[in-house]
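Descriptive structure summary
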Amino acid sequence: MADNTIVSSGSERPGGGANRVVALCGPYLSGKTTLLETLLYATGAINRRGRPRDGSSTGDGAPEARKLGMGTELNVATCTYLGDSWTFLDCPGSIEFLHDTMSALSVCDAAVIVCEPVPDRVAALTPLLRALEARHVPHLFFVNKMDAAHARVSDMMAALQSVSERKLVLRQVPIRKTTADGGEETQGYVDLVSERAYRYKQGGASDLIEMPAELLPTETEARREMMETLAEFDDTLLEQLIEDVAPEKSLIYRDLHDEFGADQITPVLLGAGEHEHGVRRLLKALRHDTPFSPESAKRRGLEVNGAAVAECFKVSHQAHAGKLSLCRIWSGSVAEGQTLASTRVGGVMRLFGQRHDKLHQAAAGDLVALAKIEGLSAGQIMTAGGIVDSPDRLATESPVYGLAIVPKNRSDEVKLSSALHKIIEEDPSLSAGHRDDTGEFVIRGQGEMHLRVALEKLAGRYNVPVDSSPPRVAYKETIRKGVQQHGRYKRQTGGHGQFGDVKIEIQPLGRGEGFKFIDKIVGGVVPRNFIPAVEMGVVDYLKQGPLGQPVVDLSVTLFDGQYHTVDSSEMSFKQAARVAMSEAMPKCDPVLLEPILKVTIAAPSEATSRIQRLVSGRRGQLLGFDARPGWPGWDEVAALMPESEIGDLIIEIRSATQGVGTYHAEFDHLQEMAGRAAEKVVDEGKRRAAGAR
Ligand SMILES: Nc1nc2c(ncn2[C@@H]2O[C@H](COP(=O)(O)OP(=O)(O)OP(=O)(O)O)[C@@H](O)[C@H]2O)c(=O)[nH]1
Ligand SMILES: [Mg+2]
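Conventions we followed
Residues numbered from 1 in each chain as written. Chains lettered and ligands numbered in written order. Predicted model: local features only at pLDDT ≥ 70, side-chain atom pairs only at ≥ 80, totals over all residues. Helix = DSSP H or I, 4+ residues; strand = E, 2+ residues; numbered from the N terminus. Buried ≥ 20, exposed ≤ 12 C-beta atoms within 10 Å, placed from the backbone. Contact = placed C-beta atoms within 7 Å. Domains from an automatic or database assignment. Pairing = 2+ DSSP bridges. Axes fitted to C-alpha atoms, helices over the stretch in contact; angles between N-to-C directions. Core = buried A, V, L, I, M, F, W, Y, C linked by C-beta atoms within 7 Å. Near = placed C-beta within 6 Å. Nonpolar A, V, L, I, M, F, W, Y, C, P; charged D, E, K, R; others polar. Parallel < 35°, antiparallel > 145°, perpendicular 65-115°, else oblique. Left-handed = near helix turned anticlockwise from the far one by under 90°. pLDDT = per-residue confidence, 0-100. Expected span 1.5 Å × (residues − 1).

1. Looking at the overall build of the chain
- Per the secondary structure count, the chain includes 17 helices and 35 strands.
- The principal-axis extents of the C-alpha atoms in the chain amount to approximately 110 × 60 × 45 Å.
- Buried residues in the chain amount to 45% of all 693 residues.
- Contacts in the chain between residues far apart in sequence, at least 24 positions, make up 72% of those at least 6 positions apart.

2. A word on the domain arrangement of the chain
- What the domain assignment reports for the chain is domain 1 (20-291), domain 2 (306-389), domain 3 (401-469), domain 4 (477-588) and domain 5 (592-683).
- Taking only C-alpha atoms, the centre of domain 4 and the centre of domain 5 are 40 Å apart.
- Residue-level contacts link eight residues of domain 4 with five residues of domain 5.

3. Quick word on the pairing of strand 3 (residues 84-90)
- The buried fraction of strand 3 is high, at five of seven residues.
- Two elements, strand 1 (residues 20-25) and strand 3, share five bridges in a ladder whose sense is parallel. Each residue of the ladder has a partner; that of Leu24, found in strand 3, is Asp90.
- Pairing of strand 2 (residues 75-81) with strand 3 involves seven bridges; the strand directions are antiparallel. Pairing of Val76 across the sheet is with Leu89, part of strand 3.
- Between strand 2 and strand 3, which follow one another and run antiparallel, lie two residues, and Leu82 among them has a positive phi close to 45°.

4. Re the sheet that holds strand 10 (residues 207-209)
- Here four strands make up an open sheet; going across it, the order is 7-8-9-10 and the pairing antiparallel. Only two strands of the sheet have a single partner each, and these edge strands are strand 7 (172-178) and strand 10. Averaged over all adjacent pairs, the angle separating strand axes in this sheet is 40°, with direction ignored.
- Taken together, the three bridges between strand 9 (residues 196-199) and strand 10 define a ladder with antiparallel strand orientation. Paired with Tyr198 across the strands is Leu208, a residue of strand 10.

5. Overview of the sheet that holds strand 28 (residues 483-491)
- Strand order in the open sheet formed by four strands is 28-29-31-30, with mixed pairing between adjacent strands. Of all the strands in the sheet, the pair left with one neighbour each is strand 28 and strand 30 (515-519). Neighbouring strand axes in the sheet, compared pairwise and without regard to direction, differ in orientation by 25° on average.
- Sheet analysis places strand 30 next to strand 31 (residues 554-562), joined by five bridges and oriented parallel. Bridging from a neighbouring strand, Phe515 pairs with Leu554 of strand 31.
- Sitting on the sheet, helix 14 (residues 570-584) is in contact with strand 28 and strand 29 (498-508), with an inclination near 140° to strand 28.

6. Observations regarding the nonpolar core
- Counting residues in each nonpolar core, the largest one holds 111 residues, and the members touching the most others are Val22, Leu24, Cys108 and Ala111.
- Here this core takes six residues from strand 4 (residues 110-115), the largest share from any one element.
- There are two domains that each give this core at least three residues, and those are domain 1 (20-291) and domain 2 (306-389).
- Residues Val400, Phe441, Ile596 and Met641 belong to the second largest nonpolar core, which totals 38 residues.

7. Quick word on the site of ligand 1
- Taken together, 22 residues are adjacent to ligand 1, and Gly31, Thr33, Thr34, Gly71 and Gly93 come closest.
- Its residues assigned to classes, the shell around ligand 1 shows seven nonpolar, ten polar and five charged.

8. Some details on the packing of helix 3 (residues 98-107) against helix 4 (residues 126-135)
- Two elements in contact, helix 3 and helix 4, have axes separated by 11 Å at closest approach and are oriented at 25°. Here helix 3 lies roughly parallel to helix 4, going by the angle between them. Helix 3 and helix 4 meet at a crossing whose hand is right-handed. Contact residues: helix 3 offers Leu98, Thr101, Met102 and Leu105, while helix 4 offers Pro127, Leu128, Ala131, Leu132 and Arg135.
- The residue inventory of the contact of helix 3 with helix 4, partitioned by class, reads seven nonpolar, one polar and one charged.

9. Overview of the environment of Pro642
- Note that Pro642 resides in strand 34 (residues 634-642).
- C-beta crowding within 10 Å serves as the criterion here: with 18 such atoms nearby, Pro642 is assigned to the partly exposed category.
- Considering only alpha carbons, one finds Pro642 and Leu597, 45 residues apart in sequence, at a separation of 6.0 Å.

10. Thoughts on the confidence of the model for the chain
- Looking at the chain, pLDDT values average 93 and 97% of them are 70 or higher.
- Across residues 1-16 the pLDDT falls below 50, and counting only partners more than four positions away or on other chains, this stretch makes 28 contacts in the model.

11. A closer look at helix 12 (residues 448-460)
- Given a rise of 1.5 Å per residue, 13 residues ought to cover 18 Å, and the 18 Å separating the end C-alpha atoms of helix 12 matches this to within 8%.
- Where the residues of helix 12 are buried, they touch helix 2 (63-68), strand 23 (401-407), helix 11 (413-426), strand 25 (440-445) and strand 26 (466-469).

12. Here we look at unusual backbone geometry
- Positive phi is not limited to glycine here, since Leu82 has a value of about 45°.
- Among the structural elements, Leu82 can be located in the loop between strand 2 and strand 3.
- Its identity as a non-glycine residue notwithstanding, His136 has a phi of 55°, on the positive side.
- Following the sequence through the fold, His136 ends up in the loop between helix 4 and strand 5 (139-143).

13. Overview of the packing of helix 6 (residues 216-231) against helix 7 (residues 235-242)
- At a minimum axis distance of 8 Å, the contact between helix 6 and helix 7 shows a crossing angle of 135°. On the basis of the axis angle, helix 6 is oblique to helix 7. In this structure, helix 6 contributes Met227, Glu228, Leu230 and Ala231 to the contact, and helix 7 contributes Leu237, Leu238 and Leu241.
- Taken together, the residues of the contact of helix 6 with helix 7 sort by class into six nonpolar, no polar and one charged.

14. As for the environment of Thr178
- Turning to its location among the elements, Thr178 is positioned in strand 7.
- Between the C-alpha atom of Thr178 and that of Ala533, which follows or precedes it by 355 residues, the distance is 88 Å.

15. Let's talk about the environment of Ser418
- For Ser418, the location among the structural elements is in helix 11.
- By the C-beta count within 10 Å, which is 11 here, Ser418 ends up exposed.
- Residues Ser418 and Tyr462, 44 residues apart in the sequence, show an inter-C-alpha distance of 9.3 Å.

Below you can see the structure in the form of structure tokens.
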């Protein structure tokens, strides 16, 4: 006997079985790609189950994902189940690739949060839950790997509830047996609505079995809890419970459907994707409860009136197909050759892992790739009238990790910039640019792995291998006392010579005041037209002071000088200024300045004290901590930290917070630096300067 039948609650089915989109999301390695494979197998879309870890699965087909053995980008696959069409978006779990997950959440009708049955690890779910709740995306938990579960389901439920703002509704209780080695094995489940018991079967639907008598008290209690939660949003059910009337199953199914669709409750299902356990049950719950695209469009505040509306949530650049805009069609239809926003749609494709199947047309509800629409990028909506930003277009995550990169082959500079443009268009949580203060080209992103994948793409897909190194810190230097200095530049080489002569006074300025050039020449002792050249000479010198760093916070006053009617030129005054500066500056008691950043670290409260120790251990000055707004159970720690200490800060924050902690930093001020650390910086600066000469 197959899985239990579900009473239909008459949910709206526009166009009869229009495509629905479900995101499979959840923490790193929770089993999403394996679950996708099993879903595709269970629906008959593939006839053999592959495994992500041996490179045979539908998802994780990207070369970087195969190489690194993890999800590095979205996997998309469409299949049909009991006459309905489904597109699954398998999201990468690593927090470093969260941007792709967020894009998937923009266009899905519902999300399945795949998590492991380990109560201690639920903190890892918080970033995802906050995003789902903020957008009111209907979501359910699929507690995966039940085959290897040690924790009790009640403990897992309590842990999940502690991180979820929505009320959880357990839909099943497990049937567990003690194994010969003293462990526990999950053999099946009891469905709490139908009150039927099932035994899991590998390779097919579960078998209906007798309800184990010993499970009855647990089942009754769990069912009562489920109904009490549902009754919080349904007065009819509440009255029946109060009057001790046994509610009709159809009423319970309807409440589950309506309350899930309205994002009032979060159902919890159990299973093991790798063993096909609970997977058909999951499909049936989705089939019954997932809203159709018109409801999702309404939730998002999108106006749909039957004319074509395509929302791009991700861009993908392919070697042969060129630019693909992955779009959800919210309304109307889109066909190859059709003109939308004054652009011809170059092709319509349905994605299945790495495969692209050409379609003539896509209809409302579908999720397809549209080819060669240059002007359309992620977070934009295209209609006949034009392209506009989505109402809830994603903000780009601020970077937490950077690397300075140089193409291995110097002549690849142009290729590098066009390849980076494409990679960043695919993943806007990456950025890259030239840093004026250090002269380096820096790529920034969400962590080591994120950048490693970007560099793999550069080398593998675009044939631009690069060398990378930690970015340099933008040290500066200043002076602690002033001097007056005479500088003369005089050359007599054949023809006419060169002559420039200046007297300058150098004075320290307050921190942050920068550089001031003051002209106090009277009586034309230095002719007007040569004064800008003096300033140029000074500015030129300041690019690298006696400690090897750019000089800031000082004034230079030109107060006297001499010239020669024939031999003086702009060039000779510029040189005279340089001579004066190089002689004067070492006498001005130069001192190194290091950039101090204001850092705000967000982390679950239980990690706050570890974060504080981490900050202190990295020469940070704690400014205090507070509750993180909108994130119950989280704190924000504010601190001032030297830039040199935060290059790899994210790695430690993550290891102290199950990977979910994050930070934001901005420049605050420059601070004098002395001692051994300063000497090291000065030596390095000098070595670099010698190398550059
Ligand atoms: N015991 C057990 N292990 C599983 C199950 N499903 C997946 N795994 C294992 O979990 C590991 C991760 O599986 P994936 O499917 O790649 O996980 P993922 O969530 O897609 O990983 P990322 O995309 O990198 O976050 C693999 O070693 C799987 O074999 C399951 O039901 N039971
Ligand atoms: Mg995966």
